[in-house]
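Spelled out from the first residue to the last, the chains are:
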Amino acid sequence: MNPDLDLTLRRVIRAPRAAVWSAWTDPSLFGQWWVPAPTVCRVDHLDVRPGGALVTRLSDDGVDFVPHMDASFLAVDELERIVFTNAIDSAWRPADPAPVRMTAEITLSDHPDGTDYRIVVRHGDPAARAHHEELGFLDGWGSVTKQLAVFVENRVAR
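What counts and what doesn't
- Residues numbered from 1 in each chain as written.
- Predicted model: local features only at pLDDT ≥ 70, side-chain atom pairs only at ≥ 80, totals over all residues.
- Heavy atoms only, no water.
- Buried < 20%, exposed > 50% of the residue type's maximum accessible area, 1.4 Å probe, protein only.
- Helix = DSSP H or I, 4+ residues; strand = E, 2+ residues; numbered from the N terminus.
- Pairing = 2+ DSSP bridges.
- Core = buried A, V, L, I, M, F, W, Y, C linked by side-chain atoms within 4.5 Å.
- Contact = heavy atoms within 4.5 Å.
- Patch = residues over 30% accessible without salt bridge, like charges linked within 9 Å, V, L, I, M, F, W, Y side chains within 5 Å.
- Areas by Shrake-Rupley, 256 points an atom, 1.4 Å probe, with all protein chains shown as cover.
- Salt bridge = Lys/Arg side-chain N within 4 Å of Asp/Glu carboxyl O.

### Focus: the pairing of strand β5 (residues 81–85)
Then step 1. Of all five residues in β5, four are buried; the element is thus mostly enclosed.
Then step 2. Pairing analysis gives five bridges linking strand β4 (residues 66–77) to β5, with the strands arranged antiparallel. Bridged to F73 within β5 is F84.
Then step 3. In textbook terms, the turn of a hairpin is the stretch between consecutive antiparallel strands, and for β4 and β5 this stretch comprises three residues, one of which, L79, has a positive phi near 65°.
Then step 4. In this structure, β5 lies alongside strand β6 (residues 103–111), joined through five bridges in antiparallel fashion. Paired with I82 across the two strands is I106, which belongs to β6.

In structure tokens form, the structure reads like this:
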């Protein structure tokens, strides 16, 4: 972790790692928490394996969907780690995505209360990191992480 280049977030999710993993890897679950509410997410492609695609669209009205994420998975260690980047799109072409190019690493580990969920979002230079932070990284990724936690915790409680 490089504080000049990386942004981080950590949360304990009160659910087993397998439940959190499923929310990340099952397309029917992923779209239910991936974007800050009340925006709606459509998952066009979710192939969670090295080289696989992550393609989502957003809608504020549930009717008109616009591109959101077009990324590739770099590393996937079952139940432990997911790494993806939007610097390479789902067709493995170099990309210059708006608003910022990044590589995100999600790690899951056991915690006495469930799952220790950690995010590190890496940037190519301090200006990109600062820009992402100014755009509301903590609010955006924080609200999505909270939505993930509530979603998974409610599913486990049923």
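Next comes the rest of the account.
### Examining the pairing of β6
Then step 1. Judged from the nine bridges that link them, β6 and strand β7 (residues 114–122) form a sheet pairing that is antiparallel. In the strand pairing of β7, T103 is matched with R122.
Then step 2. Between β6 and β7, which pair antiparallel and follow one another directly, the connecting turn spans two residues.

### Quick word on the nonpolar core
Then step 1. Formed by 37 residues in total, the largest nonpolar core has its most connected members in W24, W34, F84 and W141.
Then step 2. Apart from the residues lying within four places of it in its own chain, the contact partners of W34 are W24, C41, L54, T56, H68, M69, F84, W141 and V144.

### A few points about a nonpolar patch on the surface
Then step 1. The grouping of L74, I88 and W92 at the surface amounts to a nonpolar patch, some 310 Å² of accessible area in total.
Then step 2. Inspection of the secondary structure assignment puts I88 in the loop between β5 and β6.

### Thoughts on the pattern of salt bridges
Then step 1. Applying the stated criterion across every chain yields a total of eleven salt bridges.
Then step 2. The shortest N-O distance in the salt bridge between R14 and D113 comes to 3.3 Å. Note that R14 is positioned in the loop between β1 (6–13) and α1 (17–25) and D113 in the loop between β6 and β7, a separation of 99 residues in sequence.
Then step 3. On the basis of relative accessibility, which here comes to 40%, the residue D113 falls in the partly exposed class.
Then step 4. Among the ionic pairs, D96 bridges to R101, the shortest N-O distance being 2.9 Å.
Then step 5. Residue classification places D96 among the exposed positions, given a relative accessible area of 66%.
Then step 6. Among the residues examined, R101 registers a relative accessible area of 42% and is labelled partly exposed.
Then step 7. Beyond isolated ion pairs, a larger network of salt bridges with shared partners links D77, R81, E105 and R122.

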